[in-house]
Amino acid sequence: MSSILIIEDDQSIRQGLARFLAGEGHSVESLSSGMEGVQRATEGGLDVVILDLGLPDIDGGQALKMIRSISAVPVIVATARDEEGEIVRILRDGADDYVVKPFSGAQLQARIEAIMRRVESGTIRGPMIVGELTVDVEQRVATLDGTPLDLTRKEFDFLSYLADRVGVVVSKRELLAEVWRQPYGGADKTVDVHLSVLRRKLGESAAEPHYLQTVHGVGIKLVKPDS
Ligand code: CA
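What counts and what doesn't
Residues numbered from 1 in each chain as written. Predicted model: local features only at pLDDT ≥ 70, side-chain atom pairs only at ≥ 80, totals over all residues. Heavy atoms only, no water. Pairing = 2+ DSSP bridges. Helix = DSSP H or I, 4+ residues; strand = E, 2+ residues; numbered from the N terminus. Axes fitted to C-alpha atoms, helices over the stretch in contact; angles between N-to-C directions. Phe/Tyr/Trp six-rings, centres within 6.5 Å; stacked < 30°, edge-to-face > 60°. Buried < 20%, exposed > 50% of the residue type's maximum accessible area, 1.4 Å probe, protein only.

Asker: Please provide a residue-by-residue account of the sheet that holds strand β3 (residues 48–52), values included.
Answerer: Strands sit in the order β2-β1-β3-β4-β5 across an open sheet of five strands; the sheet is parallel. Looking along the sheet, the strands with just one partner apiece sit at the ends: β2 (27–31) and β5 (97–100). Across the sheet, the mean angle from the axis of one strand to that of its neighbour is 20°, orientation sign disregarded. Relative to β2, strand β1 (residues 3–7) runs parallel, the two sharing five bridges. Within β2, the residue paired with S3 across the bridge is S27.

Asker: Quick one: what's the story with the packing of aromatic side chains, residue by residue and with numbers?
Answerer: In this structure the tally under the stated criterion is one aromatic pair. For the ring pair F158 and W180, a centre distance of 5.4 Å and an interplane angle of 65° mean the geometry is edge-to-face. With a gap of 22 residues between them, F158 in helix α6 (residues 153–163) and W180 in the loop between α7 (172–178) and α8 (190–201) connect regions that are remote in the sequence. For F158, a relative accessible area of 0% gives the class buried.

Asker: Report on unusual backbone geometry, specifying residues and quantitative values.
Answerer: Of note, the bond from K101 into P102 is cis; its omega dihedral lies within 30 degrees of zero at -5°. For D145, which is not glycine, the phi torsion reads 55° and is therefore positive. Here D145 shows up in the loop between β8 (141–144) and β9 (147–148). A positive phi angle, near 55°, is found at R181, a position not held by glycine. Mapping R181 onto the fold places it in the loop between α7 and α8. Residue R181 is classed as exposed on the basis of its relative accessible area, which comes to 61%.

Below is the structure:
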């Protein structure tokens, strides 16, 4: 059973889908307004969002971007025939799958099952949350207090490697090998330099660490502040 949100302005489609998916054992919520849908999608607690592209209040593509800026929840986009040209753009903007109207409840159910299998196998993964810090590996976005951090590729890899091991001290040697692919780097300052920049971007310093704690002679760990 999955928690599903349907964002669809056409009442008969919305009600028909809701009834079908509830009949398949899912917990279903449905909304007809794009803005309300985006709001609900970003509140969390959902497994899949079904998003109609043709909404009266906001463009479905815009709604997708808004959801994606905050949440990694899988999104299946429902398009009309004449919107098919937009599919490539929609997938690039972060949709996980799409269906072309008219589609059957059975087809949608199969696509939901496929997405849930990918979620369970770890091919799709949700964001990691540590205190006010969120690291979304799927979307490659890290936010602090809801504000996206401007990180380079390596800074993001560094942060997500630590976020995946919260509270665990990771050695510089391991970081060099796993993040920088330099298995033999010994006296290298790469980690220290990136740590310093990352700390500045997280609003902390070596003297007053917050998320990034150095354990001298051992390595670095990411922690939830004040824990
Ligand atoms: Ca519509």
